[in-house]
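# Chain and residue survey
The chain contents come next:
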Amino acid sequence: MGEQLRGSSTHLPSDPEHQAGGGISGEAQKVPIVHPVVLSYLQKIFDAHAHKETKTWSKTDVAAFLSHVQGEKTAELAPDIHPDQDWNFDAFLRYMTSESANAIAPHQKQDMTYPLSSYFISSSHNTYLTGNQLSSDSSTEAYKNVLLRGCRCIEVDVWDGDDSDSDTSSSSDSDNEDDSPKAKRKYTATKVKEKVPSSLISRLERTSLGKKLDKYAEKKPEPAAGTTTTGTTTPTAAPVTTTDAPVDAALEKQSTGSSLLKKVTSLREPRVLHGYTLTKEITFRDVCHTVRDYAFTVTDLPLVVSLEVHCSPEQQETMVHIMEQVWEGYLLPKPDEDATELPSPDSLRNKILVKVKYTPPDKEAASPDLSEEEQKKRLSQVKTSSSTQSAKKKHASKVIQALSKLGIYTRGVSFKSLTQPEAAMPTHIFSLSESSVMEVHEKSQRDLFEHNRRYLMRTYPSGLRITSSNLDPVVFWRKGIQIVALNWQNWDEGMMLNEGMFAGTGGYVLKPNGYRCQKKKALPEATTTTTNDSNVAPQAEAVTHLTMDLTITILAAQSLPLPADEKSPATFNPYVKVELHVEEPGERHGTHHHTHPDHPHSSSNEGFPNDGKEKSGEYKAKTKCVKGTVDPDFKAQELVFRGIKGVVPELSFVRFLVRDNASLARDSLSSWACVRVDRLKSGYRWLGLFEGETGEDGEVTGEFSREGGILVKIEKRLY
């Protein structure tokens with residue numbers, strides 16, 4: 001069956017601040033109302049500890065319950081909770097419906113004075129898209145949405161806004177005088193089909209997107225013998241915006257007499273879109289205005305703007321003028337000399353960091369952004385000086401000095417190896433696709449881990465993820481990669497884990513001990529030593545791995561959201577599934593020589609289990625379903641996980657999924673929650689939920705459910 005694609009756009013909520021993603025979604029929530037099924041369990045819990053005659057708890061009983069059952073610290077209780085008084089049932093109910101009884105511990109204040117490389121940063125991939133990678137709309141609302149949800153690294157793909165973005169490699173294209181929208185749409189669709197592999201096209205044939213391509217495009221011709229099907233890196237010939245937006249008058253006055261400025265203002269301004277696709281465009285200026293307006297609404301921590309530049313030198317100059325004008329006061333001042341170390345997030349508050357390809361001052365060009373396929377070729381090439389020189393000539397960059405200079409602490413450098421000269425430049429950042437990271441880790445896992453303690457790295461989803469699905473970010477965080485870019489418009493496992501990592505943090509999380517670098521300019525010589533010993537396990541040496549026993553008792557739930565395909569609570573049959581996301585032995589050691597005893601036939605890619613995805617089924621359990629209700633009584637079913645080894649609490653997660661047990665169809669997702677193990681609180685707790693497949697066409701909305709939640713008991717032991 002052909003792969004199913006969602007519609008071309010995704011629902012963007014009117015209140016994105018309370019949509020999951022890692023912004024203020026982690027704020028403590030009170031339970032506004034308690035339904036009878038939950039209230040009955042709370043009464044039983046209270047009665048079990050109350051004096052038979054008085055039906056109250058003494059101050060001693062209150063202290064014992066809070067300390068031994070709940071693991072609470074009195075100083076961290078909500079202001080209206082009084083542990084120094086006797087409690088009747090109303091006082092107990094006040095506690096259990098307060099933010100103090102949440103299953104997720106509030107985010108603790110972090111030390112923000114380490115270098116940037118010592119933090120995980122909540123990051124977005126192809127931020128401008130509202131849906132799938134081939135036919136969805138681009139929108140400034142998508143930037144607003146992720147910024148209000150706490151994203152701290154956004155991506156902007158910038159293309160020429162004039163007619164120079166047509167495909168100049170084909171002489172027949174330049175002779176085509178038909179510039180009608182229909183002709184341009186046909187041209188674009190044809191180029192999409194040429195870029196997408198034939199195997200993938202066949203999977204799309206039964207989808208709505210495949211029908212769109214067939215409607216507008218010429219059929220993809222079979223390549224003649226001896227020819228290649230590699231496309232050139234040029235943007236789509238989507239209809240060009242008709243508005244000529246000149247550079248601001250003040251800037252024009254400052255540069256009077258400049259022939260370059262006259263040339264720049266004669267062009268249409270750069271635009272933002274996904275090249276060689278059917279996606280709609282927006283202007284670069286509009287994106288910059290949206291970023292300015294919402295970059296620091298929910299947090300003052302620095303924002304990284306990752307530019308993928310496909311523009312001519314003239315339009316790059318326009319980009320520079322727009323950014324300097326619109327982001328005035330937010331851009332970093334140009335330094336007198338290159339930095340010798342990365343600054344801290346604390347020193348960069350309310351600042352925009354431009355990530356752009358680095359062009360050395362003494363050279364006209366550097367290597368351009370490489371595709372995933374080109375990265376693989378680079379990794380397999382023998383890196384001789386002659387081949388490096390020829391590669392530079394073949395891939396001459398068009399990133400001008402004026403634009404490159406804006407990348408002060410985030411200088412994009414094309415990856416060749418972890419020992420290339422630029423790898424020792426404190427301000428460099430490598431961008432690798434998920435598959436390229438896997439290859440590097442397989443060959444040089446220790447060097448990769450050491451690099452990411454001191455320098456920045458970004459990874460992004462494979463280009464074949466056309467439905468905007470996501471990689472498992474935890475696998476890459478465990479390699480120390482700071483910027484793991486995800487498709488925020490798609491609520492899948494990857495984005496749920498991102499919520500678990502960044503909830504309430506403002507988008508920056510300090511790495512665990514051993515994953516971060518020291519707070520001084522010169523690191524000891526030993527930490528810079530590299531090794532090719534594939535049997536060395538850097539994470540095992542750097543941090544303490546614990547064993548965990550975890551029992552989750554599911555008591556009852558209330559106001560569970562109905563999936564879109566359910567019209568009545570009477571046909572809704574909910575159950576709760578719990579999954580643990582913990583590090584696997586093979587993943588930790590990063591080598592196929594360490595075979596997991598439960599998986600003796602695992603492949604040489606064991607360093608990245610399941611092709612870069614967490615084996616979510618390794619540790620999972622679920623309750624029985626309760627028929628015909630949104631307020632189910634789960635009868636205190638226990639889900640038990642014992643002896644889970646290799647747990648780093650800051651990089652391990654518990655995911656709760658509430659699904660509808662459908663006998664003849666897929667079990668739709670009602671709601672969900674994801675909690676980092678170090679923030680999972682013990683005792684009787686209220687677990688708030690985010691909505692699942694409740695939106696139009698059954699898409700996951702990720703919006704917080706105001707009344708929906710589960711009453712649970714958590715028993716957690718780490719040793």
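The present account deals with the structure reproduced in this document. The residue numbering used here restarts from 1 in each chain and proceeds along that chain's sequence as written. Reporting in this predicted model follows two pLDDT cut-offs: at least 70 for local features of residues, and 80 or more for side-chain atom pairs to be given and counted; totals over whole chains, interfaces and linings ignore these cut-offs and use all residues. Water and hydrogen atoms play no part in the side-chain values, which are based on all heavy atoms of the structure.

### Looking at the overall build of the protein
Rule in force here: By the criteria applied, helices consist of DSSP H or I runs no shorter than four residues and strands consist of E runs no shorter than two, each listed in order from the N terminus. Relative accessibility decides the category of a residue: with a 1.4 Å probe and only protein chains considered, values under 20% of the type maximum give buried, values over 50% give exposed, and everything between is partly exposed. Between two residues, a contact is recorded if the distance between any of their heavy atoms is within 4.5 Å. Each accessible area is a Shrake-Rupley result for a 1.4 Å probe, and residues are judged covered by the shown protein chains and nothing else.
Tallying secondary structure elements over the protein gives 21 helices and 19 strands in all. Counting the 719 residues in the protein, one finds 56% classified as buried. Here the analysis covers contacts within the protein between residues at least 6 apart in sequence; of these, 78% occur between residues at least 24 apart. Looking at the protein as shown, the accessible area adds up to about 31,000 Å², and 49% of this sits on carbon and sulfur atoms.

### Some remarks on the packing of aromatic side chains
As a reminder of what qualifies: Only rings of Phe, Tyr and Trp enter the pairing, Trp through its six-membered ring, and a pair is recorded when the two centres are within 6.5 Å. The plane angle decides the type: under 30 degrees is stacked, over 60 is edge-to-face, the rest tilted. Here, a charge over a ring means that NZ of Lys or CZ of Arg falls within 6 Å of the ring centre while also lying within 35 degrees of the ring normal.
Counted by the stated rule, this structure contains 20 aromatic pairs. Pairing Phe690 with Phe704 gives two aromatic rings, centres 5.5 Å apart and planes at 75°, and the pair type is edge-to-face. Here Phe690 is found in strand β18 (residues 683–691), whereas its partner Phe704 is found in strand β19 (residues 704–718), with 14 residues between them in sequence. Judged by relative accessible area, which is 6%, Phe690 ranks as buried. Cluster of aromatic residues (ring-pair linked, three or more members): Phe46, Trp57, Phe65, Trp87, Phe89, Phe92 and Tyr95. The positively charged end of Lys44 is found above the aromatic ring belonging to Tyr41, 4.9 Å away from the centroid. We note Arg516 situated over the ring of Tyr114; from NZ or CZ to the ring centre the distance is 5.0 Å.

### Here's the deal with the pairing of strand β2 (residues 153–159)
Which entries qualify depends on this criterion: The pairing criterion for strands is at least two bridges between them, as found by DSSP.
Where burial is concerned, most of β2 is hidden: 7 out of the 7 residues are buried. Side chains of β2 alternate between two faces, with Cys153, Glu155, Asp157 and Trp159 and Ile154, Val156 and Val158 buried alike. Summarising the sheet, β2 and strand β5 (residues 303–310) pair through 7 bridges and their orientation is parallel. Among the inter-strand pairings, Cys153 is bridged to a residue of β5, identified as Val304. Relative to strand β3 (residues 271–272), β2 is paired through 2 bridges, and the arrangement is antiparallel. Residue pairing in the sheet places Trp159 in a bridge with Arg271 of β3.

### A look at the environment of Lys351
Keep this limit in mind: Two N or O atoms count as a polar contact when they lie within 3.5 Å, although within protein this holds only if one can serve as hydrogen donor and the other as acceptor, and sequence-adjacent residues are included solely when both atoms are side-chain atoms.
When you line up the elements, Lys351 lands in the loop between α12 (313–326) and β6 (352–357). The sequence separation of Lys351 and Phe296 amounts to 55 residues, and the corresponding C-alpha distance is 8.9 Å. The contact partners of Lys351, leaving out residues within four places of it in the chain, are Phe296, Pro302, Leu303, Gly329, Tyr330, Leu331 and Leu332. Here Gly329 takes part through its backbone oxygen, which lies 3.1 Å from a polar atom of the side chain of Lys351.

### Digging into the environment of Gln445
With respect to the helices and strands, Gln445 occurs in helix α16 (residues 434–454). Taking the C-alpha atoms as reference points, Gln445 and Lys479, separated by 34 residues in sequence, lie 8.2 Å from one another.

### Some remarks on the packing of helix α11 (residues 284–294) against α12
Rules: To define axes, lines are fitted to C-alpha atoms, for helices over the stretch in contact only, and angles between the resulting N-to-C directions are given on a 0 to 180 degree scale. Should an angle fall under 35 degrees it is taken as roughly parallel, and over 145 as roughly antiparallel, whereas 65 to 115 is taken as roughly perpendicular and any remaining angle as oblique. Here is the rule for handedness: rotate from the far helix to the near one, and if that takes an anticlockwise turn smaller than a right angle the crossing is left-handed, while a clockwise turn gives right-handed. In this classification, Asp, Glu, Lys and Arg are treated as charged, Ala, Val, Leu, Ile, Met, Phe, Trp, Tyr, Cys and Pro as nonpolar, and every other residue, Gly included, as polar.
The geometry of α11 relative to α12 is characterised by a closest axis approach of 10 Å and an angle of 25° between their N-to-C directions. When the interaxial angle is binned, α11 and α12 end up roughly parallel. Judged by the sense of rotation from one axis to the other, the crossing of α11 with α12 is right-handed. Of the residues in α12, those touching α11 at Phe284, Arg285, Cys288, His289 and Arg292 are Met319, Ile322, Met323, Gln325 and Val326. Grouping the constituent residues of the contact of α11 with α12 by class yields 6 nonpolar, 2 polar and 2 charged.

### Some words on unusual backbone geometry
Backbone geometry places Asn126, a non-glycine residue, at a positive phi of 45°. You can see Asn126 is positioned in the loop between β1 (119–124) and α4 (140–148). Residue classification places Asn126 among the buried positions, given a relative accessible area of 3%. One non-glycine residue, Ser559, adopts positive backbone phi at about 50°. Along the chain, Ser559 turns up in the loop between β12 (546–558) and β13 (574–581).

### Some points on the nonpolar core
Note the cut-off: In plain words, nonpolar cores are sets of buried Ala, Val, Leu, Ile, Met, Phe, Trp, Tyr and Cys residues tied together by side-chain atoms within 4.5 Å.
Phe284, Leu307, Met323, Trp327 and Leu403 are the most contacted members of the largest nonpolar core, which totals 78 residues. What Leu403 contacts, discounting residues up to four positions off in sequence, is Leu307, Val309, Gln316, Met319, Val320, Met323 and Val356. One finds Ile554, Val630, Ala673 and Leu687 within the second-largest nonpolar core, a separate group that totals 31 residues.

### A look at the pattern of salt bridges
Between side chains of opposite charge, pairing is possible as soon as their charged atoms come close. Here is the rule we go by: A pairing counts as a salt bridge when a side-chain nitrogen of Lys or Arg comes within 4 Å of a carboxyl oxygen of Asp or Glu.
Per the counting criterion, the structure on display carries 20 salt bridges. The salt bridge involving Glu493 is made with Arg655; its shortest N-O contact spans 3.1 Å. Of the two residues, Glu493 sits in helix α18 (residues 493–502) while Arg655 sits in strand β16 (residues 653–660), which places them 162 residues apart along the sequence. One continuous salt-bridge network, built from bridges that share partners, spans Glu493, Lys577, Glu579 and Arg655.

### Section: the pairing of β5
Worth spelling out the cut-off: Call a crossover right-handed when, viewed with both strands pointing away from you, the route from the first strand across the helix to the second goes clockwise.
Most of β5 is tucked away, with 6 of its 8 residues classed as buried. Of the crossover connections in this fold, the one passing from β5 over α12 to the parallel β6 is right-handed.

### Section: the side chain of Gln558
Within the fold, Gln558 resides in strand β12. A polar side-chain atom of Gln558 sits 2.8 Å from the main-chain amide nitrogen of His35. From its side chain, Gln558 meets the backbone oxygen of Glu707 in a polar contact 3.2 Å long.

### Some words on α4
Restricting attention to buried positions, one finds in α4 the residues Ala142, Tyr143, Asn145, Val146, Leu147 and Leu148. Looking at the buried positions of α4, the neighbouring elements they touch are β2, β3, β4 (282–283), α11 and β5. Sitting at the amino-terminal end of α4 is Ser139, which places a side-chain oxygen 2.9 Å from the backbone nitrogen of Glu141. A positive backbone phi angle near 95° is found at Gly150, which sits one or two residues after α4.

### Regarding the packing of α4 against α11
Running from amino to carboxyl end, α4 crosses α11 at an angle of 20°, the nearest separation of the two axes being 9 Å. One way to sum up the angle between α4 and α11 is to call them roughly parallel. Of the two possible hands of crossing, α4 and α11 adopt the one that is right-handed. Listed contacts from α11 to Thr140, Tyr143, Lys144, Leu147 and Leu148 of α4 are Asp286, Val287, Thr290, Val291 and Tyr294.

Read these as geometric descriptors, not functional statements.
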